[in-house]
Amino acid sequence: MRAAICDMVTVARFLNLTMVVPELDKASFWADPSNFEDIFDVKHFIDSLRDEVRIVKRVPKRFSSKNGYSTMEMPPVSWSSEKYYLEQILPLFGKHKVLHFNKTDTRLANNGLPLDLQKLRCRVNYQALKFTPQIENLGHKLIRILHEKGPFVALHLRYEMDMLAFSGCTYGCTDKEAEELKRMRYAFPWWREKEIISEERRSQGLCPLTPEEAALVLRALGFGRETQIYIAAGEIYGGERRLAQLRAAFPRIVKKETLLTRDDLQQFQNHSSQMAALDFLVSVASNTFIPTYDGNMAKLVEGHRRYSGFRKTILLDRRKLVELLDMHQNGTLSWNEFADAVKGVHEKRIVQPNRRRVILDRPKEEDYFYANPHECLCEETKCDELLGPHNSSEVP
């Protein structure tokens, strides 16, 4: 959601078009009824970008169907360049006047855009998209409570029902749970893959770590029982039963539901996007951030932490971890061998300044702009010093 908004502001800017405050998806698994203004400060959003883009709260009446206009609804092509929008999209406005982009995720290329547009994407993300005062205040309260108890790790434990159903990952689930997740996958027609072999996905590193796996990995990385761990997630699939091993290893596990009162959270109940915004704020502010799956939120938090001075973020190599976890659990690796191997794998996976990896004609596989917006992390004259030579990250 957040990245898509940044991209559409940028598209409106270089096409010199008026943008309507975005409508949010209400047809997802969570059926969240939140509107843009329930999550973000609309006035701040419009005012802070006034010098770049004209943004209005609704389509002007003069473009209504009563006046003979029809809105064209379409999804832009994924990972598109500036040229695509100028040559393919801009002419449509001459005919229709109003276009409704009904899909906006990953519709703008990671690379190849002018520097001023890349910096605008950052300006929207880090300055214009401010949460509502209610979310900001409660998020800062959470952060204050956590810091009063000492340093903390934000563990983005993406072991949630929607993710498991979508990805087809059922490792650690009962047969009944696996069947439930499969039924859910078939119930959502926009989830294209239906028949998925969980073991293959897991061996390829395409599954979120289970809570039990996360416990072993955190211990192997050197985090002790005294570590305060904030679980940045919605409801964990399997509930407290699945968190038992993680709690046994790390008794100081907390969640927003345990740190805040029921009254604090009442206004956010059944609004998953607003609850996720609280986790986002805490994750950005944590002493260490560890995502167990590289989804959209994890990538955006990574980018925010780079922008905030390269706060410690550990990017887990799930493919290698699955191999090591299985070897440890079948007795091939002792605990000390397993821990040494895990530490060795992740020595160079603590986020450091670097340029995005560019893979020509394979945008899905290259580094995501919002995970590493390197254009916004330094002044041009000093970028080589911070990030390395300009062409060092291109892959043919």
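The following refers to the structure shown. (Residues numbered from 1 in each chain as written. Predicted model: local features only at pLDDT ≥ 70, side-chain atom pairs only at ≥ 80, totals over all residues. Heavy atoms only, no water.)

1. Considering the overall build of the protein
- If you tally the helices and strands in the protein, you get 18 helices and 11 strands.
- Whereas a compact globule of 396 residues would reach a radius of gyration of roughly 21 Å, the protein reaches 22 Å, a difference of no more than 12%.
- Once the C-alpha set of the protein is aligned to its principal axes, its extents read approximately 70 × 50 × 45 Å.
- The 396 residues of the protein split such that 51% are buried.
- Of the contacts made within the protein by residues no fewer than 6 positions apart, 75% connect residues no fewer than 24 positions apart. (Helix = DSSP H or I, 4+ residues; strand = E, 2+ residues; numbered from the N terminus. Rg over C-alpha atoms; globule rule 2.2 N^0.38 Å. Buried < 20%, exposed > 50% of the residue type's maximum accessible area, 1.4 Å probe, protein only. Contact = heavy atoms within 4.5 Å.)

2. Thoughts on the sheet that holds strand E9 (residues 312-313)
- Taking strand neighbours across the sheet as the criterion, the five strands line up as E7-E6-E5-E8-E9 in an open arrangement whose pairing is parallel. Two strands close off the open sheet at either side, each with one partner strand: strand E7 (253-254) and E9.
- Here four bridges tie strand E5 (residues 152-156) to strand E6 (residues 228-231), and the two strands are oriented parallel to one another. Looking at E6, one finds that Ala154 is bridged to Tyr230. (Pairing = 2+ DSSP bridges.)

3. Things to note about the pattern of salt bridges
- In the structure shown here, the tally under the stated rule is 26 salt bridges.
- As a salt-bridge pair, Asp264 and Lys141 come within 3.1 Å of each other at their nearest N and O atoms. A residue pair is termed long-range when its members are at least 10 positions apart, and Asp264 in helix H13 (residues 262-265) and Lys141 in helix H6 (residues 133-148) qualify at 123 residues.
- Between Arg201 and Glu193 there is a salt bridge, and its shortest N-O distance comes to 2.6 Å.
- A relative accessible area of 15% means that Arg201 is categorised as buried.
- Residues joined by salt bridges that share partners form a network here, namely Arg13, Asp51, Glu52 and Arg123. (Salt bridge = Lys/Arg side-chain N within 4 Å of Asp/Glu carboxyl O.)

4. Topic: helix H5 (residues 115-128)
- Taking 1.5 Å of rise per residue, 14 residues should cover 20 Å, and H5 covers 18 Å from first to last C-alpha, within 8% of that figure.
- Of the positions making up H5, those classed as buried are Leu117, Gln118, Leu120, Arg121, Cys122, Val124, Asn125, Tyr126 and Ala128.
- Structurally, H5 contributes buried residues whose contacts are with helix H1 (2-15), helix H3 (42-48), helix H4 (82-96) and helix H15 (296-307). (Expected span 1.5 Å × (residues − 1).)

5. What about the environment of Leu155?
- Mapped onto the secondary structure, Leu155 falls in strand E5.
- A relative accessible area of 1% places Leu155 in the buried class.
- Here the alpha-carbon distance between Leu155 and Ala214, two residues 59 residues apart in the chain, equals 8.9 Å.

6. Thoughts on the pairing of strand E8 (residues 288-291)
- Where burial is concerned, the two faces of E8 agree: the one with Thr288 and Ile290 and the one with Phe289 and Pro291 are both buried.
- Note that E5 and E8 share four bridges and pair parallel. Paired with Leu155 across the bridge in E8 is Ile290.
- Traced from E8 through H15 to E9, the parallel crossover comes out right-handed. (Right-handed = clockwise from strand over helix to strand, strands pointing away.)

7. Thoughts on the pairing of E5
- Most of E5 is tucked away, with five of its five residues classed as buried.
- Here E5 shows a buried face lined by Phe152, Ala154 and His156 and a second buried face lined by Val153 and Leu155.

8. Describing a positive patch on the surface
- A cluster of basic side chains, namely Lys57, Arg58, Lys61 and Lys66, defines a positive patch on the protein surface.
- Locating Lys61 in the fold gives a position in the loop between strand E2 (55-56) and strand E3 (72-74).
- With a relative accessible area of 74%, Lys61 lands in the exposed category. (Patch = residues over 30% accessible without salt bridge, like charges linked within 9 Å, V, L, I, M, F, W, Y side chains within 5 Å. Areas by Shrake-Rupley, 256 points an atom, 1.4 Å probe, with all protein chains shown as cover. Lys, Arg positive; Asp, Glu negative; His and termini not counted. Charge placed at Lys NZ, Arg CZ, Asp CG, Glu CD.)

9. Remarks on the state of the cysteines
- Inspection of every chain in the model, using the stated rule, returns two disulfides.
- One disulfide bridge connects Cys122 with Cys376, the sulfur atoms lying 2.0 Å from each other. What sets the handedness of the Cys122 and Cys376 disulfide is the S-S torsion sign, and at about 90° it is right-handed. Highlighted residues: Cys122 in helix H5 and Cys376 in the loop between strand E10 (358-359) and helix H18 (383-387), separated in sequence by 254 residues.
- Given a relative accessible area of 5%, Cys122 falls into the buried group.
- With a relative accessible area of 15%, Cys376 lands in the buried category.
- Two residues, Cys169 and Cys207, share a disulfide whose sulfurs are 2.0 Å apart. Between Cys169 and Cys207 the disulfide shows an S-S torsion of about -85°. By sign, it is left-handed. One end of the pair, Cys169, is in the loop between helix H7 (161-167) and helix H8 (175-187); the other, Cys207, is in the loop between helix H9 (198-203) and helix H10 (211-220), and 38 residues separate them in sequence. (Disulfide = S-S within 2.5 Å.)

10. Quick notes on the nonpolar core
- Phe36, Phe45, Tyr85, Ile89, Val124 and Tyr230 are the most contacted members of the largest nonpolar core, which totals 71 residues.
- Per-element accounting of this core gives the leading share, nine residues, to H1.
- Setting aside its immediate chain neighbours within four residues, Ile89 contacts Leu15, Met74, Tyr84, Leu99 and Phe101.
- Judged by nonpolar contacts, the second largest core, of 43 residues, contains Trp191, Tyr237, Ala249 and Leu316. (Core = buried A, V, L, I, M, F, W, Y, C linked by side-chain atoms within 4.5 Å.)

11. Regarding the side chain of Arg158
- Examined against the element boundaries, Arg158 turns out to sit in the loop between E5 and H7.
- At a separation of 3.2 Å, a polar atom in the side chain of Arg158 contacts the side chain of Asp162.
- Ignoring any residue separated from it by four or fewer positions in sequence, one finds Arg158 in contact with Met163, Pro208, Thr292 and Tyr293. (Polar contact = N/O pair within 3.5 Å; in protein donor to acceptor, adjacent residues only side chain to side chain.)

12. A short note on the packing of H1 against H5
- Their axes nearest at 9 Å, the elements H1 and H5 cross at an angle of 135°. Our classification of the angle between H1 and H5 gives oblique. For H1 against H5, the interelement crossing comes out right-handed. Contact residues: Arg2, Cys6, Asp7, Val9, Thr10, Arg13 and Phe14 in H1; Leu117, Leu120, Arg121, Val124 and Asn125 in H5.
- Classifying every residue of the contact of H1 with H5 gives six nonpolar, two polar and four charged. (Axes fitted to C-alpha atoms, helices over the stretch in contact; angles between N-to-C directions. Parallel < 35°, antiparallel > 145°, perpendicular 65-115°, else oblique. Left-handed = near helix turned anticlockwise from the far one by under 90°. Nonpolar A, V, L, I, M, F, W, Y, C, P; charged D, E, K, R; others polar.)

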